[in-house]
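Each chain, written out:
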Amino acid sequence: MPVFDAQGRVVAALSVGTLAERLREDRLPNVVAMLRGEAEALGAKLNPFDVALRYPSRSLSTMAG
């Protein structure tokens, strides 16, 4: 599920890892709804002035050092 910033850009994504047998057709809509809700809540909390959102590759390179 994409996480959007205030300008509508995708800045992250959420996913679920599970066994196919556990994610039956009747559960899938609930899981999607939960992911969507969490992605929207996370996106609303993002700081638009955070440089890491504008230049994510720069932020990652500083973490490796």
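Everything below is about the structure shown above.
Since we're looking at a predicted model, the values are computed, not measured. (Residues numbered from 1 in each chain as written. Predicted model: local features only at pLDDT ≥ 70, side-chain atom pairs only at ≥ 80, totals over all residues. Heavy atoms only, no water.)

Further remarks concern the overall build of the protein chain. Along the backbone of the protein chain there are three helices and two strands. Reading the protein chain from its N terminus to its C terminus gives the helix and strand order β-β-α-α-α. For the protein chain, contacts bridging at least 24 residues in sequence account for 40% of all contacts bridging at least 6. Carbon and sulfur atoms make up 59% of the accessible area of the protein chain, which totals about 5300 Å². (Helix = DSSP H or I, 4+ residues; strand = E, 2+ residues; numbered from the N terminus. Contact = heavy atoms within 4.5 Å. Areas by Shrake-Rupley, 256 points an atom, 1.4 Å probe, with all protein chains shown as cover.)

Moving on, we come to helix H1 (residues 28–45). Its 18 residues place the ends of H1 26 Å apart at the C-alpha level, agreeing with the 26 Å of an ideal helix rising 1.5 Å per residue. Here H1 has its buried residues at Val31, Leu35, Ala39 and Gly43. Each buried residue of H1 sits inside an arc of 100 degrees when the element is viewed along its axis, so together they form one side. Residues of H1 that are exposed and point over 90 degrees away from its buried face: Pro29, Asn30, Met34, Glu40, Ala44 and Lys45. In this structure, the buried residues of H1 make contact with strand S1 (2–4). (Expected span 1.5 Å × (residues − 1). Buried < 20%, exposed > 50% of the residue type's maximum accessible area, 1.4 Å probe, protein only. Arc of directions from axis to C-beta.)

This brings us to the environment of Pro48. Inspection of the secondary structure puts Pro48 in the loop between H1 and helix H2 (51–54). The exposure class of Pro48 is partly exposed, given its relative accessible area of 42%.

The next point concerns the side chain of Asp5. Within the element layout of this structure, Asp5 appears in the loop between S1 and strand S2 (10–13). Among the polar contacts listed, one links the side chain of Asp5 to the backbone nitrogen of Gln7, at a separation of 3.0 Å. Within polar-contact distance, the side chain of Asp5 engages the side chain of Arg9 at 2.7 Å. (Polar contact = N/O pair within 3.5 Å; in protein donor to acceptor, adjacent residues only side chain to side chain.)

On to the pattern of salt bridges, then. Per the counting criterion, the structure on display carries two salt bridges. Here Arg9 and Asp5 are joined by a salt bridge, their closest N and O atoms 2.7 Å apart. By relative accessible area, Arg9 is classed as partly exposed at 41%. (Salt bridge = Lys/Arg side-chain N within 4 Å of Asp/Glu carboxyl O.)

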